[in-house]
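Descriptive analysis of the structure
Below, each chain spelled out in residue letters.
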Amino acid sequence: MKLKWVIVPALVLLAGCAKTNLLQEKQPMQTTVKWDKVFTKSASVDVKKVTFKNRYGITLAGDLYLPKNKSAEALPAIAVSGPFGAVKEQASGFYAQTLAERGFIALAFDPSFTGESGGEPRHVASPDINTEDFSAAVDCLSVYPGVNPEKIGIVGIYGFGGMGLNAAAMDTRIKATVTATMYDMSRVNADGYFDAMTPEQRYALREELNAQRTRDAKTGVYAPGDGLPDKLTGEEPQFIQDYFAYYKTPRGFHPRAINSNGRWNKTSSLSFMTMPILAYSGEIKNAVLMIHGENAHSRYFSEDAFKKLKGNNKELLIVPGANHVDLYDNPEKIPFDKIVSFFNEYLK
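Residues numbered from 1 in each chain as written. Predicted model: local features only at pLDDT ≥ 70, side-chain atom pairs only at ≥ 80, totals over all residues. Heavy atoms only, no water.

**Notes on the overall build of the protein chain**
Tallying secondary structure elements over the protein chain gives 11 helices and 8 strands in all. Its C-alpha radius of gyration of 19 Å places the protein chain within 12% of the 20 Å reference for a compact globule of 348 residues. Looking at the protein chain as a whole, 56% of its 348 residues qualify as buried. When contacts within the protein chain are restricted to residue pairs at least 6 apart in sequence, long-range pairs at least 24 apart make up 75% of them. (Helix = DSSP H or I, 4+ residues; strand = E, 2+ residues; numbered from the N terminus. Rg over C-alpha atoms; globule rule 2.2 N^0.38 Å. Buried < 20%, exposed > 50% of the residue type's maximum accessible area, 1.4 Å probe, protein only. Contact = heavy atoms within 4.5 Å.)

**A few points about the pairing of strand β7 (residues 287–293)**
For β7, the buried fraction is high: 7 of the 7 residues fall into the buried class. Residues A287, L289, I291 and G293 line one face of β7 and the alternating positions V288, M290 and H292 line the opposite face, and both faces are buried. When β7 meets strand β8 (residues 314–319), the two strands line up parallel, connected through 6 bridges. Residue pairing across strands places I291 opposite L317, the latter belonging to β8. Crossover β7 to β8 through helix α9 (residues 299–308) is right-handed. (Pairing = 2+ DSSP bridges. Right-handed = clockwise from strand over helix to strand, strands pointing away.)

**Details of the packing of aromatic side chains**
By the definition in use, this model includes 27 aromatic pairs. Measuring from centroid to centroid gives 6.0 Å for Y183 and Y193, while their planes differ by 80°, and the two rings are edge-to-face. Of this pair, Y183 sits in the loop between β6 (174–180) and α4 (185–191) while Y193 sits in the loop between α4 and α5 (199–219), placing them 10 residues apart in sequence. For the residue pair Y183 and Y193, the accessibility class agrees, reading buried in each case. Note on F239 and Y243: the rings are 6.0 Å apart at their centroids and 85° apart in plane angle, and the pair reads as edge-to-face. On the criterion of helical spacing, the pair formed by F239 and Y243 is a turn pair, its members being 4 residues apart in helix α6 (residues 238–247). Of the two residues, F239 and Y243, neither departs from the other in class, the shared state being buried. (Phe/Tyr/Trp six-rings, centres within 6.5 Å; stacked < 30°, edge-to-face > 60°.)

**A word on the pairing of strand β5 (residues 147–157)**
Judged by how many residues are buried, β5 sits mostly within the fold: 9 of 11 residues are covered. With 6 bridges connecting them, strand β3 (residues 75–81) and β5 associate as parallel partners. Across the sheet, residue V80 finds its bridge partner in β5, namely V155. For β5 and β6, the ladder comprises 6 bridges, and the chain directions are parallel. By the bridge assignment for β6, I154 is matched with T177. In this fold, β5 hands off to helix α3 (residues 159–170), which returns the chain to β6; that crossover is right-handed.

Structure representation (structure tokens):
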């Protein structure tokens, strides 16, 4: 099957020519303390703004959700990120707040180069750096007062579901991993949707994107890639319409989100095309719960990734009647009771 619409992640480009200005002027990092989330604030949770650095020296911004009236005993903690092209004020914050209501300390964070987090240039992603972002969040939680460092889990949504699995394969401190509506960003960029891209088409795409890198070097500007349309014609694939219904409407629009108000860099997919992030997922020993919607176009990513997992502490849950975006913010479809029971079982 061939689809016209392609969602492209990002590539970190290094400026090696003094005449170009590809690395923009570094701006001071700014975060907001006002409530600017797309979901309603919970009365039973306190929220604290935090910043922390990853191993590449990039400062990440996060919202730490703390249950009110918590006991003096150290609590289990969860780091949450995604969807790909979203910010912590959207789905990841909703997950984090809900988990805090259930007694966990939860950290929703913006990945490098996006949202309130640092990193230049903007609107790029990296299979390496974004995997590291999860481990940096674990660093932050492991030394935070009131967190039991032996009881830390993660939640990865959409493209950060794949990053989460990659982090779990690398970071043994992650005791339990949940993925929701997961994308394998390496696979979709290298093979296209439903693996429809041929090797010849992949090589032609590499030629096109590397030619774009040369143009970027000449102009000193990173050309933006395709994004969601500003208006729908009704002829778009259903999943594009579903994305639009979240990112481009009051339901989920946020001005800092790339999918709402911007576009990834055009050369984004290059690094993902040759760096398969799930190569070692079969070596994850700690618990994994993968959740996907029955009607999601992306369901095959979770089903295939799950086949690589080993052990009796792995589970795939298909949510009846749910599409891809339902698992961003629909409390009737997101199986929070299951997620909580999973973390309670494996973070003990």
